[in-house]
Amino acid sequence: PYTAEAVVIPKEKEVVQGNEFEAEIFIGSQFPTVNPKITVNGVDLEVIEGKALYKKRITSKDTGRLVEHGKIYITRGYGGDTTNIPFKIEYRVVK
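Residues numbered from 1 in each chain as written. Predicted model: local features only at pLDDT ≥ 70, side-chain atom pairs only at ≥ 80, totals over all residues. Heavy atoms only, no water.

Draft legend 1. Seen up close, the overall build of the protein. Helices and strands together make up the secondary structure of the protein, namely zero helices and nine strands. In sequence order, the secondary structure elements of the protein are arranged as β-β-β-β-β-β-β-β-β. Dimensions of the protein, computed from C-alpha atoms along their principal axes, come out at roughly 50 × 20 × 20 Å. Classification of the 95 residues of the protein by burial places 34% in the buried group. Long-range contacts, defined as pairs at least 24 residues apart, comprise 57% of the intrachain contacts of the protein with a sequence gap of at least 6. Taken as two groups, the 14 positive and 13 negative side-chain charges of the protein have centres that lie 6 Å from each other. (Helix = DSSP H or I, 4+ residues; strand = E, 2+ residues; numbered from the N terminus. Buried < 20%, exposed > 50% of the residue type's maximum accessible area, 1.4 Å probe, protein only. Contact = heavy atoms within 4.5 Å. Lys, Arg positive; Asp, Glu negative; His and termini not counted. Charge placed at Lys NZ, Arg CZ, Asp CG, Glu CD.)

Next up, the structure:
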């Protein structure tokens, strides 16, 4: 059996309206050669060398504490079972 952990690293924890929120999302170093499927709010992200970069333009409608939900999908071996690791991204939008 293996253990895995979703890692989310936001560039900043506070975002000013009109700016862009950005975060790196990847699996812990136990799987450096795995290119998993990574989604945020149901949208697939591009994965390069096991990492995805999430960006979201912050608008005037975005305010206060925001939470984004995502999953990392890992397939065990060739044609094996797929496991998903849920994660959340939390940040605060300021004016």
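Draft legend 2. Here's a closer look at the environment of glycine 50. Summarising the element assignment, glycine 50 is placed in the loop between strand 6 (47–48) and strand 7 (51–57). The class for glycine 50 is buried, based on a relative accessible area of 8%. Taking the C-alpha atoms as reference, glycine 50 lies 25 Å from leucine 66; in sequence the two are 16 residues apart.

Draft legend 3. Region of the structure containing the sheet that holds strand 7. Ordered in space as 1-3-7-6, the four strands form an open sheet in which the pairing is antiparallel. Unpaired on one side and paired on the other, strand 1 (6–10) and strand 6 mark the two borders of the sheet. In this sheet, strand 7 lies alongside strand 6 in antiparallel orientation, the contact comprising two bridges. Paired with valine 47 across the strands is alanine 52, a residue of strand 7. (Pairing = 2+ DSSP bridges.)

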